[in-house]
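# Examination of the molecular architecture
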Amino acid sequence: MVETLVIGAGAIGSFVAARLHRAGNEVTLLARGRRLDQLRREGLRIASASGFETVQIPALEWDQLEGWPRQSIICTKTCDLPHVLDRLRILPGASGRIVTLQNGVEAPDQAARSLSDSTILAGRVHGFFELREGTVRHVGVDPDILLGRTAGPDERAVDQVVQQLKAAGIASAVAQDIRVELWRKLLLAASLGGVASYLRIPAGSVMLSPCSAAMLRRAMAEVSALARVSGIDLPSDCVDRTLIFTAKFPPDATTSLQRDLMAGRTSEYDALVGAVVRLARSRNVPVPTFLEIDRALFSAGFGNRT
Ligand SMILES: NC(=O)C1=CN([C@@H]2O[C@H](COP(=O)(O)OP(=O)(O)OC[C@H]3O[C@@H](n4cnc5c(N)ncnc54)[C@H](OP(=O)(O)O)[C@@H]3O)[C@@H](O)[C@H]2O)C=CC1
Ligand SMILES: CC(C)(CO)C(=O)C(=O)O
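Residues numbered from 1 in each chain as written. Chains lettered and ligands numbered in written order. Predicted model: local features only at pLDDT ≥ 70, side-chain atom pairs only at ≥ 80, totals over all residues. Heavy atoms only, no water.

Identification of the protein chain as 2-dehydropantoate 2-reductase from Rhizorhabdus wittichii is taken from an unreviewed UniProt entry. As its UniProt record puts it under Function (unreviewed entry), the protein chain is described as follows: "Catalyzes the NADPH-dependent reduction of ketopantoate into pantoic acid." Per UniProt, the protein chain has the following entry under Sequence similarities (unreviewed entry): "Belongs to the ketopantoate reductase family." (UniProt positions renumbered as here; feature names shortened; annotations may be inferred.)

What follows is the structure, given as structure tokens:
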């Protein structure tokens, strides 16, 4: 039985798998295509402030997985989640624990609907990683992961995974309320990524002009109102604090959403801007700034709605 399966050998998956492996955990990476060949041929390469390392981690593809792993940490983008959940559902054996690390607020519920016997832990990841030319680069602030159980019976699961991550050198803690944390991050990533993509300026520059800063504030206030109607009480100073945090970004910093949109890559648009528009429509919450962003980006050919 695979002990810990990290699904998706991209930026976050490679980092988490490498750290867990280095700390002596029995970890397997689930990869595909050229990335799988590369991992087998060259190992997993990581570059960070503490230097460059190559780690040899067992790597599998879906067809080689013989049964349910004890725990699976899903590190694909949101758009790939349905395929991952379908593949897990048909595995033989008793279902294992699932950790979702996706941005957005919908991944843990999608996992719970699909894998109803599993305990689901949702994670909120801070940090910035990218996979370039086969090397995972960790840039900027040290990563940290907050975790919480959103479904399933295993009450000890969160503490165990937090301990495992901490022992592997990844700052991690149990969230007081993981749904609040996921919404807090949605408020940042959807608003900042949406406004910056709409205005075609780096996210780090949005707070530099009163006009773009005001648009960002309106977008964040809309997510905050949507959260409230969704039963999530974000702290009353959440918008102000997030704006102050955003003002500290380097002027040329971009968000993953805008990088993916501008490069024409598959993006998490549907889980960020798309989710705000979708959830607002179904909950009858006015989100004029997001509608404007969505309309403009969609008619410019951006935004892969699923
Ligand atoms: N990168 C970061 O700094 C942060 C990322 N996150 C979140 O983490 C998640 C992952 O992001 P990130 O690591 O950047 O994304 P990447 O695109 O770098 O990695 C995703 C990986 O998943 C693989 N994959 C996709 N579908 C499957 C599948 N069905 N089976 C096996 N492998 C699959 C992809 O393979 P292929 O290349 O073949 O498509 C790719 O290697 C996102 O939801 C993101 O929002 C959150 C905070 C920070
Ligand atoms: C918005 C940001 C930069 C916050 O960490 C992010 O998560 C992203 O780029 O997706």
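After presenting the structure, the write-up continues.
### Let's talk about the overall build of the protein chain
When helices and strands are tallied, the protein chain shows eleven helices and ten strands. Counting only C-alpha atoms, the protein chain reaches 55 × 40 × 35 Å along its principal axes. Here the protein chain holds 306 residues, and the buried ones make up 53% of them. Just so you have it, the protein chain exposes about 14,100 Å², and 51% of that area is on carbon and sulfur atoms. (Helix = DSSP H or I, 4+ residues; strand = E, 2+ residues; numbered from the N terminus. Buried < 20%, exposed > 50% of the residue type's maximum accessible area, 1.4 Å probe, protein only. Areas by Shrake-Rupley, 256 points an atom, 1.4 Å probe, with all protein chains shown as cover.)

### Remarks on the nonpolar core
Trp183, Leu186, Leu234, Val276 and Phe290 are the most contacted members of the largest nonpolar core, which totals 45 residues. For this core, the elements supplying multiple residues, two or more each, are α6 (178-199), α7 (210-229), α8 (238-247), α9 (256-263), α10 (273-283) and α11 (288-299). Of all the elements, α6 adds the most residues to this core, at twelve residues. What Leu186 contacts, discounting residues up to four positions off in sequence, is Gly104, Val105, Ser191, Val223, Ala271, Leu272 and Val276. Judged by nonpolar contacts, the second largest core, of 35 residues, contains Ala9, Val16, Val27 and Leu29. (Core = buried A, V, L, I, M, F, W, Y, C linked by side-chain atoms within 4.5 Å. Contact = heavy atoms within 4.5 Å.)

### A word on α6
Compared with an ideal rise of 1.5 Å per residue, which puts 22 residues at 32 Å, α6 spans 31 Å between its outermost C-alpha atoms and is within 8% of the ideal. Burial of α6 is extensive: 18 of the 22 residues sit out of reach of the surface. Phi turns positive, to about 55°, at Arg200, one or two residues after α6. (Expected span 1.5 Å × (residues − 1).)

### Remarks on the site of ligand 1
Ile12, Arg32, His83, Phe129 and Glu268 are the nearest of the 23 residues found near ligand 1. Residue Gly10 places a main-chain N or O atom 3.2 Å away from an oxygen atom belonging to ligand 1. Bound to the protein, ligand 1 loses 82% of the 910 Å² it would expose on its own. Secondary-structure elements contributing two or more residues to the shell around ligand 1 are α1 (11-22), α3 (81-89) and β8 (120-132). Per-element accounting of the shell around ligand 1 gives the leading share, four residues, to β8. Looking at the shell around ligand 1 residue by residue, the classes come out as eleven nonpolar, seven polar and five charged. (Near = heavy atom within 4 Å. Polar contact = N/O pair within 3.5 Å; in protein donor to acceptor, adjacent residues only side chain to side chain. Nonpolar A, V, L, I, M, F, W, Y, C, P; charged D, E, K, R; others polar.)

### As for the site of ligand 2
Neighbouring ligand 2 are Asn103, Lys185, Leu188, Ala189, Thr255 and Ser256. Within the side chain of Lys185, one N or O atom sits 3.1 Å away from an oxygen atom of ligand 2. Between ligand 2 and Ser256 there is a distance of 2.5 Å, counted from an oxygen atom to a side-chain nitrogen or oxygen. Across the complex, the protein chains shield 84% of the 280 Å² of accessible surface that ligand 2 would expose by itself. The dominant element in the shell around ligand 2, judged by the number of residues it contributes, is α6, at three residues. Of the residues belonging to the shell around ligand 2, the class tally is two nonpolar, three polar and one charged.

### What about the side chain of Arg45?
Locating Arg45 in the fold gives a position in strand β3 (residues 44-48). Here Glu133 takes part through its backbone oxygen, which lies 2.9 Å from a polar atom of the side chain of Arg45. Excluding anything up to four places from it in sequence, Arg45 contacts Phe52, Glu53, Thr54, Glu133, Gly134, Thr135 and Val136.

### Remarks on the packing of α7 against α10
Relative to each other, α7 and α10 sit at 50°, their axes nearing to 10 Å. Classified by the interaxial angle, the pair formed by α7 and α10 is oblique. Crossing of α7 over α10 shows left-handed handedness. Across from Val223, Leu226 and Val229 in α7, the residues of α10 making contact are Val276, Leu279, Ala280 and Arg283. Each residue belonging to the contact of α7 with α10 can be placed in one class, and the counts come to six nonpolar, no polar and one charged. (Axes fitted to C-alpha atoms, helices over the stretch in contact; angles between N-to-C directions. Parallel < 35°, antiparallel > 145°, perpendicular 65-115°, else oblique. Left-handed = near helix turned anticlockwise from the far one by under 90°.)

### A few points about the UniProt feature "domain: Ketopantoate reductase C-terminal" (unreviewed entry) in the protein chain
According to UniProt, the "domain: Ketopantoate reductase C-terminal" (unreviewed entry) feature falls on residues 177-290. Helix makes up 65% of residues 177-290 and strand 0%. Its end C-alpha atoms lie 26 Å apart.

### Re the packing of α6 against α10
As a packed pair, α6 and α10 sit with axes 9 Å apart at the nearest point and diverge in direction by 115°. The angle between α6 and α10 places the two elements in the roughly perpendicular class. The residues of α10 that touch α6, namely those facing Trp183, Leu186, Ala190 and Gly194, are Val273, Val276, Leu279 and Arg283.

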